[in-house]
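The residues making up each chain are set out below.
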Amino acid sequence: MRAILIDDFGGRDRMRLADDAADPLVGPDTVLVRVRAAGVNPVDHLIREGALTSYYPHVLPIVLGWDAAGVVEAVGPAVTAFAPGDEVYGYFRKDFVRDGTYAELTNMRDTALARKPATLSFEEAAGVPLAGLTALQTLRDALELQRGETILIVGASGGVGSFAVQIAKAGGARVIGVASARNADYVRELGADAVVDYAAPDALDAVRDAAPDGLEAIADLSGGELATQAIELLIPGRGRLASIIAPPDPAPLEARGCAARYLFVRPDAEDLRTLAAMADAGELRVHLDAVFALDEAADALARVEEGHPRGKVVLRVGQ
């Protein structure tokens, strides 16, 4: 199969297109997927650089990528939920790093896959799993966001943030998005009630003006000072902050009687079905910042690393 491999860790020059990469194995509980499109995520360059070797065993050579949408090619003998020809999508993170999704074929346990949203193209669907699961699990599990609450979403125009704004609004929350000035209209189109420019000198005052009664929740999806500064706006005894960047310092939150949580996203088929239902109901749309060919994977990853994309970057792998 054709695939984007790395033989050792380093920069984009380590990425190579192989025409004869080994096909993934199919175990008893495994689904083999012919990839139509693969999502490109910031974690991909961390894997390429070897930055996650303390989290997962890595087996070189590595096929990069954790997101995909495609068509079932084959299933193991214990698989009953899927059959060849089914259109599926998923977050293909395993317990070790080797068989990724920047490839014509990839594999995953059947319990981590779901049927592709019917209303989304393969490219759109490939942009959902990691970012969409992260957004959903942050809002629902880490923050326990409730209808009528006000949330500050830091990084609202990125891959995770774009989904978080839509999911929060669909759940009846009031959303203040933090993004660059150039992305303000985009974040409003996603449904944000107010947008704050993180680079403005009065950014914290702008959040205060947008939430005069305080914040119930802060979702830190991109890092930066504003998420930390906005802790003073959390409602004492009720406020919560969740970060996907790093475990937050609990001290300033505990001083206000507020909760701190770090979220590390998990593959979850039921959550993928939830996201698919939202997409098919018109509650979740996917903005594709750029679509690249498989042999342009290095350029696609550069776009994610350096370009601050609006929404998602994906690879078109097969037809």
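Before reading further, recall that the structure is shown in the block above.
Below, the structure is looked at part by part. Keep in mind that this is a model prediction, so the values were computed, not measured.

Overview of the nonpolar core
Right, so step 1: Core analysis: the biggest nonpolar cluster contains 96 residues, and Tyr89, Tyr102, Ile151, Ile153, Ile167 and Leu315 have the highest contact counts within it.
Right, so step 2: Once residues within four sequence positions are removed from consideration, Leu315 is found in contact with Arg36, Ala37, Ala38, Val40, Tyr102, Phe292, Ala293, Leu294, Ala297 and Ala300.
Right, so step 3: Counting residues in hydrophobic clusters, the runner-up holds 22 residues, among them Leu152, Leu215, Leu226 and Cys258.

Remarks on the layout of surface pockets
Right, so step 1: Here the second largest pocket is characterised by a volume of approximately 380 Å³.
Right, so step 2: Looking at the second largest pocket, it is lined by 17 residues, and the ones nearest its centre are Arg93, Lys94, Asp95, Met108 and Arg109.
Right, so step 3: Residue composition of the lining of the second largest pocket, by class: six nonpolar, four polar and seven charged.

Focus on the packing of helix H3 (residues 129-142) against helix H4 (residues 159-170)
Right, so step 1: Packing of H3 against H4 brings their axes to within 8 Å, and their N-to-C directions diverge by 50°. The pairing of H3 with H4 is recorded here as oblique in orientation. Note on packing geometry: the crossing formed by H3 with H4 is right-handed. Residues Ala131, Gly132, Thr134, Ala135, Leu136 and Leu139 of H3 form the contact with H4, whose participating residues are Gly159, Val160, Phe163, Ala164, Ile167 and Ala168.
Right, so step 2: Of the residues belonging to the contact of H3 with H4, the class tally is nine nonpolar, three polar and no charged.

Focus: the pattern of salt bridges
Right, so step 1: Per the stated rule, a full pass over the model turns up 24 salt bridges.
Right, so step 2: Here Arg12 makes a salt bridge to Glu306, at a shortest N to O gap of 3.1 Å. Linking Arg12 in the loop between strand S1 (3-6) and strand S2 (15-18) with Glu306 in helix H10 (residues 297-306), this pair joins segments that are 294 residues apart in sequence.
Right, so step 3: Taking relative accessible area as the criterion, Arg12 reaches 29% and is therefore assigned partly exposed.
Right, so step 4: For Glu306, a relative accessible area of 54% puts it in the exposed group.

Digging into the sheet that holds strand S13 (residues 240-243)
Right, so step 1: If you trace the six strands from one edge of the open sheet to the other, you get S11-S10-S9-S12-S13-S14, paired in parallel fashion. Sheet topology places strand S11 (194-197) and strand S14 (259-262) at the edges, where each strand pairs with a single neighbour. On average, each strand axis in the sheet is inclined to that of its neighbour by 15°, with strand direction left out of account.
Right, so step 2: Both strand S9 (residues 150-154) and strand S10 (residues 174-179) contribute to a ladder of five bridges, which runs parallel. Looking at the pairing, Thr150 lines up with Arg174 of S10.

Concerning the sheet that holds S1
Right, so step 1: Spatial strand order, S2-S1-S4: three strands in an open sheet with antiparallel pairing. Only two strands of the sheet have a single partner each, and these edge strands are S2 and strand S4 (62-63).
Right, so step 2: Note that S1 and S2 share four bridges and pair antiparallel. Bridge assignment links Ala3 to a residue of S2, and that residue is Ala18.

Definitions and cut-offs
- Residues numbered from 1 in each chain as written.
- Predicted model: local features only at pLDDT ≥ 70, side-chain atom pairs only at ≥ 80, totals over all residues.
- Heavy atoms only, no water.
- Core = buried A, V, L, I, M, F, W, Y, C linked by side-chain atoms within 4.5 Å.
- Buried < 20%, exposed > 50% of the residue type's maximum accessible area, 1.4 Å probe, protein only.
- Contact = heavy atoms within 4.5 Å.
- 1 Å grid on protein atoms, 1.4 Å probe; cavity = no way out; pocket = protein on both sides within 12 Å on 5 of 7 lines; lining within 4 Å.
- Points joined across faces, edges and corners; volume = space filled by probe spheres on them.
- Nonpolar A, V, L, I, M, F, W, Y, C, P; charged D, E, K, R; others polar.
- Axes fitted to C-alpha atoms, helices over the stretch in contact; angles between N-to-C directions.
- Helix = DSSP H or I, 4+ residues; strand = E, 2+ residues; numbered from the N terminus.
- Parallel < 35°, antiparallel > 145°, perpendicular 65-115°, else oblique.
- Left-handed = near helix turned anticlockwise from the far one by under 90°.
- Salt bridge = Lys/Arg side-chain N within 4 Å of Asp/Glu carboxyl O.
- Pairing = 2+ DSSP bridges.

Keep in mind these numbers describe shape, not what the thing actually does.
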